[in-house]
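Okay, here's what each chain looks like letter by letter:
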Amino acid sequence: MNFKLPVSSTESFDLTQRPRRNRISESIRGLVRETRLHPGNFVLPLFIQENSGSTPIHSMPGQFRLGPDALLKEAADAFARGIRAVALFPVISENLKDPKASESKNPKGLLPRTIGILKENLPALTVITDVAMDPYSSDGHDGLVEQGKILNDETLPVLAEMALVQARAGADIIAPSDMMDGRIGYLRKALDENDLRDVGILSYAVKYASAFYGPFRDALDSAPKSGDKKTYQMDPANVREAAREVELDVREGADMVMVKPALPYLDVIAHVRSLVPVPVAAYQVSGEYAMIKAAAKQGWLEEKKAVLETLTSIKRAGADIIFTYFAKDAAAWLVRSQD
Ligand code: PBG
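So, how was this worked out
- Residues numbered from 1 in each chain as written.
- Predicted model: local features only at pLDDT ≥ 70, side-chain atom pairs only at ≥ 80, totals over all residues.
- Heavy atoms only, no water.
- Helix = DSSP H or I, 4+ residues; strand = E, 2+ residues; numbered from the N terminus.
- Buried < 20%, exposed > 50% of the residue type's maximum accessible area, 1.4 Å probe, protein only.
- Areas by Shrake-Rupley, 256 points an atom, 1.4 Å probe, with all protein chains shown as cover.
- Lys, Arg positive; Asp, Glu negative; His and termini not counted.
- Charge placed at Lys NZ, Arg CZ, Asp CG, Glu CD.
- 1 Å grid on protein atoms, 1.4 Å probe; cavity = no way out; pocket = protein on both sides within 12 Å on 5 of 7 lines; lining within 4 Å.
- Points joined across faces, edges and corners; volume = space filled by probe spheres on them.
- Nonpolar A, V, L, I, M, F, W, Y, C, P; charged D, E, K, R; others polar.
- Expected span 1.5 Å × (residues − 1).
- Contact = heavy atoms within 4.5 Å.
- Near = heavy atom within 4 Å.
- Polar contact = N/O pair within 3.5 Å; in protein donor to acceptor, adjacent residues only side chain to side chain.
- Sits in = over half its atoms within 2 Å of the grid points.
- Pairing = 2+ DSSP bridges.
- Right-handed = clockwise from strand over helix to strand, strands pointing away.

A word on the overall build of the protein. In terms of helices and strands, the protein carries 11 helices and 12 strands. Seen through its principal axes, the protein has C-alpha atoms that stretch 80 × 40 × 40 Å. Looking at the protein residue by residue over its 339 residues, the buried ones come to 50%. Accessible surface, the protein: about 16800 Å² in total, of which carbon and sulfur atoms supply 52%. Side chains of the protein carry 42 positive and 45 negative charges; the gap between the two charge centres is 6 Å.

Taken as a whole, the second largest pocket spans an internal volume of roughly 280 Å³. Forming the boundary of the second largest pocket are 18 residues, of which G62, Q63, F64, E74 and K328 lie nearest the centre. Only strand 1 (42–48), strand 3 (64–66), helix 2 (68–80), helix 9 (286–298) and helix 11 (327–337) provide two or more residues apiece to the lining of the second largest pocket. Class assignment for the residues of the lining of the second largest pocket results in 10 nonpolar, three polar and five charged.

So, on to empty space enclosed by the protein. As enumerated under the stated definition, the model contains three cavities of 30 Å³ or more in all. Estimated volume of the largest cavity: approximately 160 Å³. Along its surface, the largest cavity is lined by 18 residues, and D134, K207, Y213, F216 and K260 are the ones closest to its centre. Elements with a minimum of two residues in the lining of the largest cavity: strand 9 (200–207) and helix 6 (214–220). Here the element with the most residues in the lining of the largest cavity is helix 6; it accounts for three residues. Of the residues contributing to the lining of the largest cavity, the split by class is nine nonpolar, three polar and six charged. The calculated volume of the second largest cavity comes to roughly 60 Å³.

For helix 9, with 13 residues, the first-to-last C-alpha span of 18 Å sits near the 18 Å given by 1.5 Å per residue. Tucked inside the fold, the buried residues of helix 9 contact helix 6, strand 11 (280–284) and helix 10 (303–317). Within two residues after helix 9, G299 carries a phi angle of roughly 80°, on the positive side.

This part takes up the site of the ligand. Neighbouring residues of the ligand: 18 residues in total, closest K207, R217, K260, S286 and Y325. At a separation of 2.9 Å, a nitrogen atom of the ligand approaches a polar side-chain atom of S177. Contacts to the ligand include K207, whose side-chain N or O atom sits 2.6 Å from an oxygen atom. Relative to its free-state accessible area of 400 Å², the ligand is covered by the protein chains to the extent of 100%. The site holding the ligand turns out to be the largest cavity. By residue class, the composition of the shell around the ligand is eight nonpolar, three polar and seven charged.

Most of strand 11 is tucked away, with five of its five residues classed as buried. Neither face of strand 11 is left uncovered, since the one carrying V280, A282 and Q284 and the one carrying A281 and Y283 both have all their residues buried. Across three bridges, strand 10 (residues 256–260) lies against strand 11 in parallel orientation. When the sheet's bridge partners are listed, V259 is paired in strand 11 with A282. Taken together, strand 10, helix 8 (residues 266–275) and strand 11 form a β-α-β motif whose crossover is right-handed.

Encoded structure:
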């Protein structure tokens, strides 16, 4: 063909800017790398059950509901790999669930007992607990339900009692994931008035009504019995609303704020990072985990590379803290790669 092509030899084609020079070798790529993952930024979510031993979670291959002994082993293992925080989610048996989530106030319940075991055996491990009614509620909602409506102000005392039980049991940080209005201020006040001033609040400030929580709800048997969570969790289409939520929560006393899920909301993470001075967490949720696991099992994705890429992206977007079910694997891979 007689096309006219530009000359590309360096003598006559003066290309002074060659970004590829900074990618020439692994060591140079290491020098110019802008984002590095560290196990110290990971939080490992753990599901806990009454019975000893462990029960596999089918929709989350590699994750288990852990009995007290198995949990302690898992947490110690994570700690040895450099992970310094866990988030606990209790599986409550159906016969203990009621519309008021009464079991959440039981100081001898599964969660407070587990917190005690962890703090006794691994005092340097930070224990984060979820504050929301859903695992304890026979309605499967995060707040009180009346004629199909989720009540806001009436839910706050329930959340506060639950949070106080968790904090008294030794939780270092409570993490309200319920999305009721005003709960951060209410919980901060409740903690302060009960001499629990040092207990931090990580607010699930920007929590979307997401399809990606499906496997988690299987893990806890906590799916709503009727309706959905759209009157309290956020519309995935919105980002200005995220600004409003984080600003309110920081004003009300949140020590850290979260965006959840993570990968489909990187723009939101970046926006929130630029708006508030407090640390930003992101939660790589159960559905994000399940997607990678399922594709890897088929041989369609290389699990390690895909996981580290997603975690790096979440951190690059602006997350200081990453909740991830891959925390233990990722920590081990990072040590080996010395990246
Ligand atoms: C409970 C809660 C949920 C998750 C964390 N806390 C589920 C929900 O809101 O329905 C989801 C975590 C995950 O999917 O990994 N309020």
